[in-house]
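# Commentary on secondary and tertiary structure
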Amino acid sequence: MADWVVAPFLEFAFMQRALAGALLLSLSACPVGVFLMLRRMSLTGDAMSHAILPGAAAGFLLYGLEIVPMTIGGLVAGAIVALGAGAVARLTVQKEDASMAAFYLVSLAIGVVMVSLRGSSVDLMHVLFGTVLALNDDALRLIGLVAAVTLATTVLLWRALVAECLDPLFLRSVSGLGGVVHFAFLGLVVLNLVAGFQALGTLLSVGLMILPGAAARFWVNNTLAMCVVSVGIGIVSSLGGLLLSYHASLPSGPAIILSAGVVYLLSLLAGPRGVLRPALPRRHHRTA
Amino acid sequence: MSEIRPDMNPDPADTCIAFRDLTVGYNSHAAVHHLNGVIARGSLTAIVGPNGSGKSTLIKSVAGLLRPMSGICRVAPGLSTAYLPQLSELDRSFPARVKDLVALGLWQKRGLLGRHRPADRQAIVAALRAVGLEGFDARPLDSLSGGQLQRALFARVLVQDADLILLDEPFNAIDEKTIRDLIGLILHWHGEGRTVVVVVHDLDLVRTHFPQALLLARRPIAWGPSAEVVTPENMQRARQFQEAWDDQAPWCEPSPAPARGVA
């Protein structure tokens, strides 16, 4: 058993890198996912993950499968879609969900066209589904940098993030930070998606963001505790996914997200705030 | 219209809020029309009027959340404001405890990064005690009843420790005992010399507890001591105003800004 778990990481450097990358991503993306969920923006995260594709594809077209240009391209595309959709929502009658959907669909189509202009479907698969087992030093450094920026920003803006979720009108009445916090937060979402897409692909990098946070909601009812639990779930899913991928020869990105999905289902069933607990008969109740 | 300007030449030092020809509204439809007057420092004012008469709109513009279409709404400089909206955008399913909600009231004092000191924590405990929620500090928000939530929001106003307190229909769907307790808090604030403005529907409450009243029906109908404002004749006049927006409504003098296609 210990061999099954430990040996692959001791034996192969690529497994160690994959583990380091996945752990850093968990540390960084999971708290962002918790706030995405609390702001009812989980699907926005998903839309953004599609939106960064043309930027990544442009980097890929110009420089090949290189992390830095693809990252910068993804950041630019993500920023354009986030700001564009936000601006349409503020300036017209259209709500942000519709404008976001419109922008990301166009963006995704442009991205797929760009990738297929050059390169094979293998390249497209790399961009869409990632290659966590082939993380190089540059990619690891980038993920580490993103994790540091994310944690620092989250700590710095914590009070405003909580206030903006809990009672946005109150925050507006005492401070002008609401808008700043909203866009800083969207920036963190894009940053983490970009950091994740090298490892998990553009389509699945959002999975490690959303699933652990959503699962944590079934266990605890406190924002900080949810962040901690979600990071724990992210780490467990990364480990489980990498081992599954190694032993069963499955693609690593989907294996990690599937593991997170299994944890989500278990939490949904067994968590104190899940579906089974209220169904159990209760013999005792307190008088008040 | 001089009867509805309670204070024609107020001493500026006594002024808390000054309205000068204030018009506020949405999409070029005025919800409050040409309001002139002054709310004095340390006064306790009730704003009354039928639904849609512009009460919330007026409070919002005082709170700085809505820009006037024309005219001036000026709060004396250096005053801190606490605003409790009617339709709170509060997310009750958010995983927070009662004391987290009340602690938001420390924002003006501590801001984004300032540490919450022991004295701040004591202020939160004291505020919860004052609103009758002692021992509720660790309760999750989603377990509170409507009245308990309103008490918690009053505790947040207490913690804000503001000079000017704006409450928009704080007694909606609240039982009598809670209303009595909350009125007690409002009178206490008044006694401390804070300026309090409350939107109220219950005219009996206004007559018994509020020295000043402003009766709005999109434009001011009457303003002054409550006993003179809340009279059957005035209420009748206020009821006659038209609640619905009228897209054909004539432009208010002098000449309208050219319509830019925005309805």
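In this text the structure is predicted, and so the values were computed from the model without any measurement.

Moving on, we get to the interface of chain A and chain B. Taken together, the 26 residues of chain A in the interface contact 30 residues of chain B. Counting each side, the surface lost to burial between chain A and chain B is near 2400 Å², with a carbon and sulfur contribution of 62%. Contact with chain B buries area across many residues of chain A, yet Arg-159, Leu-166 and Phe-170 of chain A alone supply 32% of it, more than any other trio. Across the contact surface, chain A and chain B share 10 residue pairs in polar contact (both at pLDDT 80 or more). Every element with two or more residues in the side of chain A that touches chain B is listed here: helix H8 (137-166), helix H9 (168-174) and helix H12 (223-248) of chain A. No other element matches H8 of chain A, which puts eight residues into the side of chain A that touches chain B. Grouping the constituent residues of the side of chain A that touches chain B by class yields 15 nonpolar, five polar and six charged.

Leu-101, Phe-154, Leu-167 and Ile-186 of chain B are the most contacted members of the largest nonpolar core, which has 105 residues in total. With nine residues, helix H10 (residues 177-200) of chain A is the largest single contributor of residues to this core. Shared between two domains, this core takes at least three residues from each, and those domains are domain 1 (1-79 + 196-249) and domain 2 (81-162) of chain B. Setting aside residues up to four positions removed in sequence, Leu-101 of chain B forms contacts with Leu-166 of chain A together with Leu-90, Leu-141, Leu-149, Ala-152, Leu-153 and Arg-156 of chain B.

Before going further, it helps to spend a moment on a nonpolar patch on the surface. All names here are of chain A. A cluster of nonpolar residues, Val-68, Ile-72, Val-76 and Ile-80, forms a patch on the protein surface that exposes about 360 Å² of accessible area. Examined against the element boundaries, Ile-72 turns out to sit in helix H5 (residues 67-91). Using a relative accessible area of 48% as the deciding quantity, one classes Ile-72 as partly exposed.

If the charged atoms of two oppositely charged side chains come close together, the side chains can form a pair. All names here are of chain A. Throughout the structure, instances matching the rule amount to 14 salt bridges over all chains. Residues Arg-39 and Glu-164 are paired through a salt bridge, measuring 3.6 Å at the closest nitrogen-oxygen approach. Taken together, the residues span a long stretch of sequence, with Arg-39 in the loop between helix H2 (13-38) and helix H3 (42-51) and Glu-164 in helix H8 at a distance of 125 residues. The same class applies to Arg-39 as to Glu-164, namely buried.

What follows covers the packing of aromatic side chains. Inspection of the entire model under this criterion finds six aromatic pairs over all chains. Plain terms: the ring middles of Phe-19 of chain B and Trp-223 of chain B are 6.2 Å apart, the flat faces sit at 50° to each other, and that makes the pair tilted. Pair noted here: Phe-19 of chain B is in strand E1 (residues 15-26) and Trp-223 of chain B is in strand E9 (residues 219-225), with a separation of 204 residues, a long-range link. The structure contains a cluster of three or more aromatic residues connected by ring pairs, namely Phe-12, Phe-14 and Tyr-246 of chain A. Over the ring of Phe-170 of chain A we find Arg-156 of chain B; its NZ or CZ atom is 3.9 Å from the centre of that ring.

Scoring rules and cut-offs
- Residues numbered from 1 in each chain as written.
- Chains lettered and ligands numbered in written order.
- Predicted model: local features only at pLDDT ≥ 70, side-chain atom pairs only at ≥ 80, totals over all residues.
- Heavy atoms only, no water.
- Contact = heavy atoms within 4.5 Å.
- Buried area = accessible area lost by both parts, 1.4 Å probe.
- Polar contact = N/O pair within 3.5 Å; in protein donor to acceptor, adjacent residues only side chain to side chain.
- Helix = DSSP H or I, 4+ residues; strand = E, 2+ residues; numbered from the N terminus.
- Nonpolar A, V, L, I, M, F, W, Y, C, P; charged D, E, K, R; others polar.
- Core = buried A, V, L, I, M, F, W, Y, C linked by side-chain atoms within 4.5 Å.
- Buried < 20%, exposed > 50% of the residue type's maximum accessible area, 1.4 Å probe, protein only.
- Domains from an automatic or database assignment.
- Patch = residues over 30% accessible without salt bridge, like charges linked within 9 Å, V, L, I, M, F, W, Y side chains within 5 Å.
- Areas by Shrake-Rupley, 256 points an atom, 1.4 Å probe, with all protein chains shown as cover.
- Salt bridge = Lys/Arg side-chain N within 4 Å of Asp/Glu carboxyl O.
- Phe/Tyr/Trp six-rings, centres within 6.5 Å; stacked < 30°, edge-to-face > 60°.
- Lys NZ or Arg CZ within 6 Å of the ring centre and 35° of its normal.

That's the geometry; what it means functionally is another story.
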